[in-house]
Amino acid sequence: MDKHPRKKRWPKVLLTIVIAVALVGAGWYGWQWQQSRATDEASTQQSRNAQQENGESRKPIEQRFVQRYYEVEFSGAERITEPPEIVGNQAADRHIQKRAEDRGYRLQYTPTGPLKEINGEKLQPEALNAWKKLKQAAGEEGIYLDLVSGHRSIQTQRIIFDSQLRKRGKEKQGSPYTAQQIASGKADPVIEEILREYSIPGYSKHHSGYTIDISDSASSKSFEEFGQTEAFQWLSKKDYAKARQYGFLPSYPEGVENLGPQAELWEYVWVGKDNTEFR
Ligand SMILES: [Zn+2]
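Here's what I pulled together on the structure shown here. (Residues numbered from 1 in each chain as written. Predicted model: local features only at pLDDT ≥ 70, side-chain atom pairs only at ≥ 80, totals over all residues. Heavy atoms only, no water.)

Before going further, it helps to spend a moment on the overall build of the protein. Summing up its helical and strand segments, the protein has eight helices and eight strands in all. Among the 279 residues that make up the protein, the fraction classed as buried is 41%. Counting contacts in the protein only where the partners sit at least 6 residues apart, residues at least 24 apart contribute 74% of the total. A total of about 16600 Å² of accessible surface is found on the protein, and carbon and sulfur atoms cover 49% of it. (Helix = DSSP H or I, 4+ residues; strand = E, 2+ residues; numbered from the N terminus. Buried < 20%, exposed > 50% of the residue type's maximum accessible area, 1.4 Å probe, protein only. Contact = heavy atoms within 4.5 Å. Areas by Shrake-Rupley, 256 points an atom, 1.4 Å probe, with all protein chains shown as cover.)

The structure is reproduced here in structure tokens:
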């Protein structure tokens, strides 16, 4: 008597358990699937947003350095708004300015307050402090940085550019180019040559007092070969981590188009440590 009902009841109980397990399982699976779909959608949306926001961050870091410089508000300098005189003839000056701007040169900044002097070079006080710290940090690692050039006035830059133009005119045609020759484009090949190395007045980053040229005093390399020195290695490794740690960005790094001059690996501009951070 005992066995009979049991035999009949067990399959029912088992079946109920199987169905229950199947239902719970299906429910759980369905929930999981929904969850994962929701997660997928969220992450797709996230990466889409990131792509839109970070179009910027996919640019080479050097290009972002150059761009950042023009976004910084310098507390001790103001933008130059009128292109200063070059050779003193309006048509000739406009012609040269146009050539310079086509290469990427832009009007720069002049100091609004006093500069401080170090070894005959003048700098903005904040840039001078940062330079001293950078030099000391390098020294502690056996790297010898020297300050070659700091602030340069508009007038000094005018003299530099004009004397280059005169000198090269004499070499090419026996006498300096006339204003008419310059304005008509006859001196363009020479002007292009000069612009690769020298800024026109008003367009040099040295005007502000925030820009420095550095040399490696322990190296036998020439100034233009700074890129091959230990000092440059030290400053530039890990996306210029050392320079940036002290608030400096490379002024004219390699790999960026339309800089103005060709790349100048020895030039750095102080923008403040906060402005050297990139997401
Ligand atoms: Zn320089």
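Residues in a regular strand project their side chains so that they alternate between the two faces of the sheet. Where burial is concerned, most of strand β8 (residues 264–270) is hidden: seven out of the seven residues are buried. Pairing between strand β6 (residues 211–216) and β8: three bridges, direction antiparallel. Looking across to β8, one finds that Thr211 is bridged to Val269. Strand direction decides the pairing type here: strand β7 (residues 248–252) and β8, joined by four bridges, are antiparallel. Residue pairing in the sheet places Phe248 in a bridge with Trp270 of β8. (Pairing = 2+ DSSP bridges.)

Assignment of secondary structure puts Gly209 in the loop between α7 (188–195) and β6. Setting aside residues no more than four positions away along its own chain, Gly209 makes contact with Leu123, Gln124, Ala127 and His151.

In this section: the coordination of the zinc ion. Looking at the zinc ion, one finds its protein donor set to be His206 (NE2), Asp213 (OD), Asp213 (OD) and Glu267 (OE), positioned 2.1 to 2.5 Å from the metal centre. Every donor counted, the four donor atoms about the zinc ion form angles of 56 to 163° at the centre, which fits irregular coordination. (Donors = N, O, S within 2.8 Å, 3.2 Å for Na, K, Ca; no water. Tetrahedral: all angles 85-135°; square planar, octahedral: opposite > 155°, others 65-115°.)

With that settled, the discussion passes to the nonpolar core. By size, the foremost hydrophobic cluster in this structure holds 40 residues, and its most contacted members are Trp131, Leu134, Leu145, Ile214, Leu235, Phe248 and Tyr268. Residue assignment for this core shows that the elements contributing at least two residues are α2 (61–69), α4 (125–140), β5 (145–149), β6, α8 (230–245), β7 and β8. Of all the elements, α4 adds the most residues to this core, at seven residues. Within the second largest apolar cluster, 18 residues are counted, among which are Ile80, Ala92, Val190 and Leu195. (Core = buried A, V, L, I, M, F, W, Y, C linked by side-chain atoms within 4.5 Å.)

We now examine the packing of aromatic side chains. Inspection of every chain in the model, using the stated rule, returns twelve aromatic pairs. Centre to centre, the rings of Phe65 and Phe278 are 5.5 Å apart; their planes meet at 65°, and the pair counts as edge-to-face. Residue Phe65 is located in helix α2, and its partner Phe278 is located in the segment after β8; the two are separated by 213 residues in the primary sequence. The same class applies to Phe65 and to Phe278, which are both buried. The interplanar angle of 85° and the centroid separation of 6.1 Å between the aromatic rings of Tyr69 and Tyr109 together place this pair among those described as edge-to-face. Taken as a pair, Tyr69 in helix α2 and Tyr109 in strand β2 (residues 109–111) lie far apart in primary sequence, 40 residues in all. Every member of this aromatic cluster is reached through a ring pair, and the members are Phe65, Phe226, Phe232, Tyr240, Tyr268 and Phe278. (Phe/Tyr/Trp six-rings, centres within 6.5 Å; stacked < 30°, edge-to-face > 60°.)

This paragraph deals with the packing of α2 against α8. Each pair of packed helices can be summarised by the angle the axes make with each other and by the distance between the axes. Relative to each other, α2 and α8 sit at 30°, their axes nearing to 10 Å. One finds that α2 runs roughly parallel with respect to α8. Handedness of the α2/α8 crossing: right-handed. Contacts from Ile61, Glu62 and Phe65 in α2 reach Asp239, Tyr240 and Arg244 in α8. Counted by class, the contact of α2 with α8 contains three nonpolar, no polar and three charged residues. (Axes fitted to C-alpha atoms, helices over the stretch in contact; angles between N-to-C directions. Parallel < 35°, antiparallel > 145°, perpendicular 65-115°, else oblique. Left-handed = near helix turned anticlockwise from the far one by under 90°. Nonpolar A, V, L, I, M, F, W, Y, C, P; charged D, E, K, R; others polar.)

With respect to topology, four strands assemble into an open sheet ordered β5-β6-β8-β7, the strand pairing being antiparallel. Two strands in the sheet have a free side with no partner beyond their single neighbour: β5 and β7. Averaged over all adjacent pairs, the angle separating strand axes in this sheet is 45°, with direction ignored. The sheet strands contacting α8 are β5, β6, β7 and β8, and the helix crosses β8 at an angle near 45°.

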